[in-house]
Amino acid sequence: MSRPFNFSAGPSALPIDVLLQVRDELLDFAGTGVSVMEISHRSQPFMDFAHATDAAVRRVLAVPSDYHVLLLQGGSYLQFSQIPMNLFHKTNTADYIHTGLWSEQAANAARQYGIVRTIASSHETGFDRVPEINESHINLDAAYLHYTENETAQGLQFSKPPISSIPLVCDACSSLMSKPIDIAAHDLVYASAQKNMGIAGVTLVLLNPAILDKPLAATPQALDFSIQAKKQSLLNTPSTFSWYVMGLMMEWIERTGGIEVLHEINKKKSRHLYNVIDGSNGFYINHVLPDYRSINNVPFHIFERNLEDLFVREAQENGFHGLKGHLSTGGLRASIYNAVTLDAVQELALFMREFARTHG
Ligand SMILES: *Cc1c(COP(=O)(O)O)cnc(C)c1O
């Protein structure tokens, strides 16, 4: 069976080894004789697996030992609300950095609970960079500063966390585990699994307990970080199958050599595509300034916009899937998360060169 090259933005490609392991273990999880989908989340085999996953996450990301590692439901999207619900206790205000679609959605969700101040934005330059962030922009009465490490639609990425004198919160949905991120420099980092580390259904939340206090009134128990931490994310039935696949992904990441190794591969992958774009004499366009280009998502346009549909169609016919850009930005996008191989990216680079040669 030949599988297409998958550049989907999320849910996205999984390593073939992980898919095969899921298949092999589907009818018998950890010697139980039944599928992981058929046992209690409180059974010993599942609890053992959950503890091993927790330990692997801590090892791989160098999570400070006192931080909580939570695996929650609702996606990163729910974190946009759950975070202000839990952190707006003392002061109903937070600072946000605006770099594109996802940071805007996060800020809009938080606005339901209090005052959101956008302290820096690259909107005026078309999200071609991470805006200049000066300590003096930060409001000292804000509960936290929020930023989006990688803007999945715009293809714009921070090279290091912003300096912040207040608690720092990071949406790392499309970049966690694809590059080293200094967790200790943050107070909260969150990411859904379906981009670089698994499938939809679990969201990793890494959390400094020092920033927790009472959540806002009427916050449901399931959305209370302190309660979820006390219950080790097992307050109610979690998405056990998604948790299981994330555990397998942690094993795969460690087998591959860890995040430093993946980062090198990911940088190389993105370089291949940016080289094709920059070397196409204006046939392909990516307008993000080189220092801020994402290693996870490579969005691009074709100078002749009406060739974009043809590009998607021909790509599909040649075995390249998932290259349509985000609904809000249009155009084209190759998402090249951890499980997308260097080989697949090289094949895409060849296809793009050939398409430009025959249509340019
Ligand atoms: C995909 C994505 C989200 C939304 O994640 P869901 O799992 O769909 O809730 C949020 N932020 C960023 C940066 C994303 O890429």
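Look up a bit, the structure's there.
A brief report on the enclosed structure follows.

## Description of the pairing of strand β10 (residues 203–207)
Here's step 1: Counting buried residues in β10 gives five out of five residues, a clear majority hidden from the surface.
Here's step 2: On β10, burial covers both faces: T203, V205 and L207 on one face and L204 and L206 on the other are all buried.
Here's step 3: Alignment of strand β2 (residues 68–72) against β10, held across five bridges, turns out to be antiparallel. Bridge assignment links V69 to a residue of β10, and that residue is L206.
Here's step 4: Alignment of strand β9 (residues 188–192) against β10, held across five bridges, turns out to be antiparallel. Within the sheet, the bridge partner assigned to S192 lies in β10 and is T203.

## A short note on the sheet that holds strand β11 (residues 284–285)
Here's step 1: Taken together, three strands build an open sheet; the order of strands is β11-β12-β14 and the sheet is antiparallel. Both outer strands of the open sheet, β11 and β14 (332–335), are each paired with one neighbouring strand and no more.
Here's step 2: Across four bridges, strand β12 (residues 297–302) lies against β14 in antiparallel orientation. Across the sheet, residue P299 finds its bridge partner in β14, namely R333.
Here's step 3: Seen against the sheet, helix α7 (residues 259–278) touches β11, β12 and β14 and runs at an angle of roughly 15° to β12.
Here's step 4: In this fold helix α8 (residues 308–317) packs onto β11, β12 and β14, with an angle of close to 125° to the strand it touches most, β12.

Criteria and cut-off values
Residues numbered from 1 in each chain as written. Predicted model: local features only at pLDDT ≥ 70, side-chain atom pairs only at ≥ 80, totals over all residues. Heavy atoms only, no water. Buried < 20%, exposed > 50% of the residue type's maximum accessible area, 1.4 Å probe, protein only. Helix = DSSP H or I, 4+ residues; strand = E, 2+ residues; numbered from the N terminus. Pairing = 2+ DSSP bridges. Contact = heavy atoms within 4.5 Å. Axes fitted to C-alpha atoms, helices over the stretch in contact; angles between N-to-C directions.

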